[in-house]
Amino acid sequence: MNIFAKTLRRLANRMDPPRAMAKRAYSGAAFTNALANWRASQTTGDAELRTSYRVLLNRCRELERNNPHMAAFLRAVEMNAAGPNGFTFQSNITELRKVDGVFRLMPDELANSRVEDAYYRWSKPRFCSLNQQLSYPAFQRLLARTVARDGTALIRKVRGAAARNEFNFALQMLEVDHLDLDLFAARANGNAVKFGIEFDPDGRPVSYTIFPVHPGDTSVASGSQRARVVIPASDMILAMLPRRISQVIGDPWIVSAMSAMQMVGKLEEYELIAGMVCASKMGFFVNTGEGVDTGALGTEGDTGTTIDEAVPGAFNTLPRGYDLKTFDPSHPNPDVTGFTKLILREVAVGCGVAASTLTGDLSDTNYSSMRAGLGEERENWKMVQNWLTDTVLEPIFPEWLEMAMLSGKLNLPFAKFEKFNQPKYHGRRWTSVNPLEDANALKILLTMGVTSRTQYLNQNGGDFGETIAELGIEMAQAKELDVPIVDKDPYQNQDVAAADKPLDNANQNTKGANS
């Protein structure tokens, strides 16, 4: 550039001063010294998992083996998401009946009984799982645990003779490792393959490329580990709880807390080792160089090191020429307890559970905090239960029903398949922190007519029809044996009136204050 052009550029800059740098509207988008190491990329969930998933998977499994807090979280997933008895199944088949001259939808007791009896029979280990090792409740618990730890699990539906049972239907659960996670491709027909799963242009799965033998099974020949088969999507269920739109496989549920969980576990381990060292190593003999008498120190070990032992309640005289230097580290450190509690609270928040669930420590809780904390956690478990019902249990039921009817193990006309395909699942519910208070509240709600016994029982995993049938059997047996049973009308229960008294007293006090 010649001198004339440079002069014109300088003049232009003077006439048009540089614009002030625009200030960022969000502090979270600012590049300050404190946020200099905060790096983020604009990528999809699949792109992020492609480079990190195997590391996350292996580390979560290592935490499961060696970290007690991870073990507590996964145990909580099993016991709360699926429950000790799994999901309660209820057949909700109805039919039109004429009652008091009016046609009404009423439960079809015979059909419901047949479906439920066949379903609970199939739920036994010898029918439900292909390897005949898991009952359906155990299958549900293991599935919830696997998805929480790995982020993803596969369920293969086996039909016909391959199921090798009288229902001609079984389930096979596979870890995500069975997927060919390194298979990514673009098909000529417009389909895309990600993590070994082929999708059509609308994102619907078409097929799964899997390894029949687990790639990490070192007990088999290496050649069979890499053999692959393609399974149609109609035979598979991909169980995962997505966090982002169009996510193909799920990430472990503790991704935001696993680093802190690992470090607090190591901190506790190191503190324990330090305490053991403190308890086992008490002091050292130091040679002063003045008339050394080595004979009084005891024997010599293989390395030539002089050995002596500390005996409880004993006082010894030091040999001539030696002095004792005590070793007294301050362990266990009293500050560690408060620090680990703080970190574990953060871990619990990342896991979506109360801190007491991970630690078993109730020392800092009271009635109010326990009720609030457990209430929030239980709502989270209800969300997980709804996800399991919508994506796993309900899609499996019509497949089972079809094969049970075709195999002859469920004696119902196949022409009315849609009528009989009416499953209803109820997840486990929890005992109240104050059951008496909640029972009185239920009585008031029943009296007001804003809820029903059917609704209450359904919410708690029960069935109104079964309940009244059991009550009828109890009353008949008691009458036959002449055993008195107290029977009171809940609408006339005195507890309901007692619950209203504080409100009446409050109104009277208000009137007195106003007068």
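The rules we used
Residues numbered from 1 in each chain as written. Predicted model: local features only at pLDDT ≥ 70, side-chain atom pairs only at ≥ 80, totals over all residues. Heavy atoms only, no water. Core = buried A, V, L, I, M, F, W, Y, C linked by side-chain atoms within 4.5 Å. Buried < 20%, exposed > 50% of the residue type's maximum accessible area, 1.4 Å probe, protein only. Contact = heavy atoms within 4.5 Å. Disulfide = S-S within 2.5 Å. Salt bridge = Lys/Arg side-chain N within 4 Å of Asp/Glu carboxyl O. Pairing = 2+ DSSP bridges. Helix = DSSP H or I, 4+ residues; strand = E, 2+ residues; numbered from the N terminus. pLDDT = per-residue confidence, 0-100. Phe/Tyr/Trp six-rings, centres within 6.5 Å; stacked < 30°, edge-to-face > 60°. Lys NZ or Arg CZ within 6 Å of the ring centre and 35° of its normal. Axes fitted to C-alpha atoms, helices over the stretch in contact; angles between N-to-C directions. Expected span 1.5 Å × (residues − 1). Arc of directions from axis to C-beta.

## Quick notes on the nonpolar core
Line of reasoning, step 1. Core analysis: the biggest nonpolar cluster contains 81 residues, and F73 and W400 have the highest contact counts within it.
Line of reasoning, step 2. Excluding residues within four positions of it along the chain, W400 makes contact with V115, A118, Y119, W122, F167, F169 and L410.

## Re the state of the cysteines
Line of reasoning, step 1. Scanning the model with the defined rule gives zero disulfides in all.
Line of reasoning, step 2. With no disulfide of its own, C60 has C351 as its nearest cysteine by sulfur position, at a separation of 9.6 Å.

## Thoughts on the pattern of salt bridges
Line of reasoning, step 1. Using the criterion set out here, one finds 25 salt bridges in the structure.
Line of reasoning, step 2. The closest approach of N and O atoms between E95 and R97, which form a salt bridge, is 3.0 Å.
Line of reasoning, step 3. Assessed through its relative accessible area of 26%, E95 is described here as partly exposed.
Line of reasoning, step 4. Given the relative accessible area of 27%, R97 is considered partly exposed.

## Re the sheet that holds strand β9 (residues 205-210)
Line of reasoning, step 1. Spatial strand order, β6-β7-β8-β9-β10: five strands in an open sheet with antiparallel pairing. Strand pairing shows two members of the sheet lacking a second neighbour, β6 (185-186) and β10 (229-232), which therefore form its edges.
Line of reasoning, step 2. For β6 and strand β7 (residues 192-194), the ladder comprises two bridges, and the chain directions are antiparallel. Paired with A185 across the two strands is V193, which belongs to β7.

## A short note on the environment of Q459
Line of reasoning, step 1. Within the fold, Q459 resides in helix α14 (residues 453-459).
Line of reasoning, step 2. Each C-alpha atom, one on Q459 and one on H426, is 7.0 Å from the other, the two residues being 33 residues apart in sequence.

## With respect to the confidence of the model for the protein
Line of reasoning, step 1. Mean pLDDT for the protein: 83, with 80% of residues reaching 70 or above.
Line of reasoning, step 2. Under a pLDDT of 50 for its full length, residues 493-515 has, in the predicted model, eight contacts with residues more than four places off or in other chains.

## Let's talk about the side chain of R61
Line of reasoning, step 1. Secondary-structure assignment places R61 in helix α2 (residues 45-66).
Line of reasoning, step 2. Judged by its relative accessible area of 12%, R61 is buried.

## A look at the packing of aromatic side chains
Line of reasoning, step 1. Counted according to the given criterion, the structure contains 19 aromatic pairs.
Line of reasoning, step 2. Considering the side-chain rings of Y119 and Y136, the 6.1 Å spacing of their centres and the 65° angle between planes classify their relative orientation as edge-to-face. On the criterion of sequence distance, the pair formed by Y119 in helix α4 (residues 109-122) and Y136 in helix α6 (residues 136-150) is long-range, its members being 17 residues apart.
Line of reasoning, step 3. With centroids separated by 4.8 Å and ring planes inclined at 65°, the aromatic side chains of F184 and F195 adopt a geometry described as edge-to-face. Linking F184 in the loop between β5 (169-175) and β6 with F195 in the loop between β7 and β8 (197-199), this pair joins segments that are 11 residues apart in sequence.
Line of reasoning, step 4. The ring of F184 carries R50 above its face, with NZ or CZ at 3.8 Å from the centroid.

## Examining the sheet that holds strand β4 (residues 152-159)
Two modes of strand pairing occur in sheets, parallel and antiparallel, and in both the strands are linked by backbone hydrogen bonds.
Line of reasoning, step 1. The strand order across the open sheet built from three strands is β5-β4-β11, with neighbouring strands paired in antiparallel fashion. Because the sheet does not close on itself, it has two edges, and the strands there are β5 and β11 (236-240). Pairs of neighbouring strands in the sheet enclose a mean axial angle of 25°, with direction left out of account.
Line of reasoning, step 2. Sheet analysis places β4 next to β5, joined by seven bridges and oriented antiparallel. Bridge pairing in β5 places A153 opposite E175.

## Things to note about α4
Line of reasoning, step 1. Its 14 residues give α4 an end-to-end C-alpha distance of 20 Å, which sits within 8% of 20 Å, the value for a rise of 1.5 Å per residue.
Line of reasoning, step 2. Buried within α4 we find A111, N112, V115, E116, A118, Y119 and W122. Each buried residue of α4 sits inside an arc of 165° when the element is viewed along its axis, so together they form one side. The outward face of α4, more than 90 degrees from its buried face, is lined by the exposed residues L110 and D117.

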